[in-house]
Amino acid sequence: MLEYDIVIVGAGPAGSAAALKAASEGKKVLVIERGPEPGSKNVSGAMVRKDYVTSVFGEDMPFERNVETIKLSLYNKDKPVNIDFHPEGLVTTGRLKFDKWMSSVSEKAGAMVIPKTTALKLKWENGVAKSLITDRGEVSAKSFVLAEGVNSLVSMDSGIKGDWTPANSVQSVKMVYSIKKTDLNAMFGLPDDNTGMSWRMVMTDPLVAGFMYTYKDSLAVGIGSPIKELVERKIRPEKLLDDFLEMTGIAEKVNGYSLREYSAKIIPEGGFPDINVAKGNVYLCGDAIGLVDPLSFDGITPAIASGTLAGEAALNNYSSEIYKYNLMKNKEISKIAKERPLETDFMTGNKAGEYINMVSSVLEGWASGDLMGIRNTIVGSYRNIIPDMLSFVMRMR
Ligand SMILES: Cc1cc2nc3c(=O)[nH]c(=O)nc-3n(C[C@H](O)[C@H](O)[C@H](O)COP(=O)(O)OP(=O)(O)OC[C@H]3O[C@@H](n4cnc5c(N)ncnc54)[C@H](O)[C@@H]3O)c2cc1C
């Protein structure tokens, strides 16, 4: 049987960060990826913070466009409140190129990456994992990192985490349209092929978080909605996406362009710090421990941060308590952990509608110079949500 210091399952952002960390310390590292190549299971793209990614993986990150504007639209019924932000350092990137690049950086540091191989289960002896069984044979290691994403079958089989349930998951549906660079630039008023814009939308009935990203010559648009609500109200996700495209006017823009990709994925709504993150010499990271924000879809930065810490834990054989402590200390990760109560609350009852109503009334008050209206909005109509907001503020400090 082949023997390694550390075996990592999954060559996504979390797995490649773990591999880079461990291989940079001179350990014998093997990464197992079930796709034909890293990123092939994530064919479209994402918006990421370039400076964070390059601080871990170095320069030369492949990206599509600099995101110079993020438009936020808060819909209550069909009337949106729109706010434009001008962020710094955000880019869109194609996952195939991006994941391949991160994996190649880990290979340059000495990790061995084997694609087209599926991890099936760990073999345990007295609470210590001894080897990993794959569809192409068995490998042994001193420690293991499970960076297998949201469908974490090996983690579940090992009893480290429970099965996902509709109560704690968001269903996402995403489409990518091929659109010529010049058409895309004209569609969104982009001055050149390197400048991009993103759009985030929140709708409240039912609760839907939507996004739109511009790549070089394509456009991604998608939604996420709590599965519990979809099931209870018998709403089909594809119908929700169609309604969303109509409501935002995107349907009209993409009319006549070819659909390059249509995919659906579950996004975990819960997770760290309320679940196990390790057992013996096995460490979980990234989406496998639910480190993704279901409202903003931001999951790559915490995946990289937790992957690096999982690599470090595997190197030093940390206890699960120390690993958990290190995760909690990390800014990128603790942000998601602390926001969980806020998200749960936001997704309960009609809270999202109440917040959006409040924001839109306050902004309308500003626009019309109605300071008394703003005061009345805050003090009068929304008495029921102010205590919640204060409690969030206290919890997030
Ligand atoms: C619709 C949508 C849009 C998103 N947009 C953004 C965005 O714009 N920005 C952002 O930051 N995040 C975004 N995210 C979240 C982001 O994609 C994830 O948080 C991130 O990819 C998590 O990284 P990971 O390495 O933990 O898991 P993954 O990227 O899922 O990688 C897991 C890897 O493990 C492999 N694998 C799984 N099981 C096995 C097995 N048994 N054997 C071998 N290999 C296995 C998979 O093939 C995969 O390559 C989005 C998510 C969705 C669903």
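The residue numbering used here restarts from 1 in each chain and proceeds along that chain's sequence as written. This being a predicted model, a pLDDT of at least 70 is required before a residue's local features are given, and a value of 80 or more before pairs of side-chain atoms are given or counted; all residues contribute to the totals for chains, interfaces and linings. The basis for every side-chain value is the complete set of non-hydrogen atoms in the structure, without hydrogens or water.

**Here's the deal with the overall build of the chain**
We apply this condition: Secondary structure elements follow DSSP: runs of H or I no shorter than four residues count as helices, runs of E no shorter than two count as strands, and numbering proceeds from the N terminus. Throughout, the radius of gyration refers to the C-alpha atoms, and the reference size of a globule is 2.2 Å times the residue count to the power 0.38. Partly exposed describes any residue whose relative accessible area lies between the buried limit of under 20% and the exposed limit of over 50%, with all areas from a 1.4 Å probe on protein chains only and scaled to the type maximum. Note on contacts: a residue pair is in contact if any heavy atoms of the two residues lie within 4.5 Å.
Summing up its helical and strand segments, the chain has 14 helices and 17 strands in all. For 397 residues, the compact-globule formula gives about 21 Å, and the C-alpha radius of gyration of the chain, at 22 Å, lands near that figure. Dimensions of the chain, computed from the C-alpha atoms along their principal axes, are close to 70 × 50 × 40 Å. A total of 397 residues make up the chain; the buried ones form 54% of that total. Restricting the contact set of the chain to residue pairs at least 6 apart, pairs at least 24 apart contribute 71%.

**Topic: the packing of aromatic side chains**
Defined as follows: Ring pairs are drawn from Phe, Tyr and Trp, using the six-membered ring of Trp, whenever the two centres fall within 6.5 Å, and their geometry is named by plane angle: stacked under 30 degrees, edge-to-face over 60, tilted for the rest. Our definition puts a charge over a ring when NZ of Lys or CZ of Arg is within 6 Å of the ring centre and also within 35 degrees of the ring normal.
Tallied over the entire structure, the rule returns 4 aromatic pairs. Between Phe-57 and Trp-101, the aromatic rings sit 5.9 Å apart at their centres with planes inclined by 55°, giving tilted as the arrangement. Taken together, the residues Phe-57 in helix 2 (residues 50–57) and Trp-101 in helix 3 (residues 95–108) connect sequence positions 44 residues apart. Overall, the relative accessible area of 5% leaves Phe-57 in the buried class. Taken together, the ring pairs connect Phe-57, Phe-98 and Trp-101 into an aromatic cluster. Cation over ring: Lys-28 sits above Tyr-4, and NZ or CZ is 4.9 Å from the ring centre. Note that Lys-279 overlies the ring of Trp-124, its terminal NZ or CZ placed 4.4 Å from the centroid.

**Regarding the environment of Tyr-213**
Mapping Tyr-213 onto the fold places it in strand 13 (residues 207–214). Looking at Tyr-213, the relative accessible area reads 5%, which means it is buried. For the pair formed by Tyr-213 and Arg-65, sequence separation is 148 residues and the distance between their alpha carbons is 9.5 Å. Non-local contacts of Tyr-213, meaning those with residues more than four positions away in its chain, are made with Ala-46, Met-47, Thr-92, Met-197, Ser-198, Arg-200, Ser-218, Leu-219, Ala-220, Ser-296 and Phe-297.

**Notes on the side chain of Thr-134**
For the record, the criterion: Any N or O atom pair separated by 3.5 Å or less is treated as a polar contact, with the protein-specific requirement of one donor-capable and one acceptor-capable atom, and with residues adjacent in sequence counted only for side-chain atom pairs.
Structurally, Thr-134 can be placed in strand 9 (residues 128–134). Of the polar contacts made by the side chain of Thr-134, one reaches the backbone nitrogen of Arg-136; its length is 2.9 Å. If we skip the residues at most four places from it in the chain, Thr-134 touches Ile-32, Thr-117, Thr-118, Ala-119 and Leu-120.

**Quick look at the site of the ligand**
This is how the line gets drawn: Here a residue is near a molecule or strand as soon as one of its heavy atoms is found within 4 Å of it. Only the protein chains shown count as cover for residues, with accessible areas throughout obtained via the Shrake-Rupley method and a probe of 1.4 Å. Ten residues, namely Ala, Val, Leu, Ile, Met, Phe, Trp, Tyr, Cys and Pro, are considered nonpolar, four, namely Asp, Glu, Lys and Arg, are considered charged, and the remaining ones, Gly among them, are considered polar.
For the ligand, the set of nearby residues contains 33 residues, the closest of which are Glu-33, Met-47, Tyr-213, Asp-287 and Phe-297. Taking Arg-34, its main chain carries an N or O atom lying 3.0 Å from a nitrogen atom of the ligand. Protein contact buries 96% of the 1,000 Å² of open area that the ligand shows by itself. Of all the secondary-structure elements, those providing two or more residues to the shell around the ligand are helix 1 (13–24), strand 3 (45–49), strand 11 (169–178), strand 13, strand 15 (258–268) and helix 9 (300–316). The residue makeup of the shell around the ligand, split by class, is 15 nonpolar, 9 polar and 9 charged.

**What to know about unusual backbone geometry**
Excluding glycine, a negative phi dihedral is what most residues carry, and trans is how most peptide bonds are arranged. In this model, Asp-205 is joined to Pro-206 through a cis peptide bond whose omega is 0°. Take Pro-206: it is sitting in the loop between strand 12 (195–204) and strand 13. Between Phe-272 and the following residue, Pro-273, the backbone shows a cis peptide bond with an omega angle of 10°. Topologically, Pro-273 is positioned in the loop between strand 15 and strand 16 (278–279). Phi at Asn-126 takes a positive value of approximately 50°, unusual for a residue other than glycine. Turning to its location among the elements, Asn-126 is positioned in the loop between strand 8 (119–125) and strand 9. Using a relative accessible area of 79% as the deciding quantity, one classes Asn-126 as exposed.

**With respect to helix 9**
Note: α-helices contain 3.6 residues per turn, so residues at a spacing of three or four share the same orientation. Formally: Each helix should span, by expectation, one fewer than its residue count multiplied by 1.5 Å.
With 17 residues, helix 9 extends 24 Å from end C-alpha to end C-alpha; this agrees with the ideal 24 Å at 1.5 Å per step. With 14 of its 17 residues buried, helix 9 lies for the most part within the structure. Asn-317 sits one or two positions beyond helix 9 and adopts a positive phi of about 50°.

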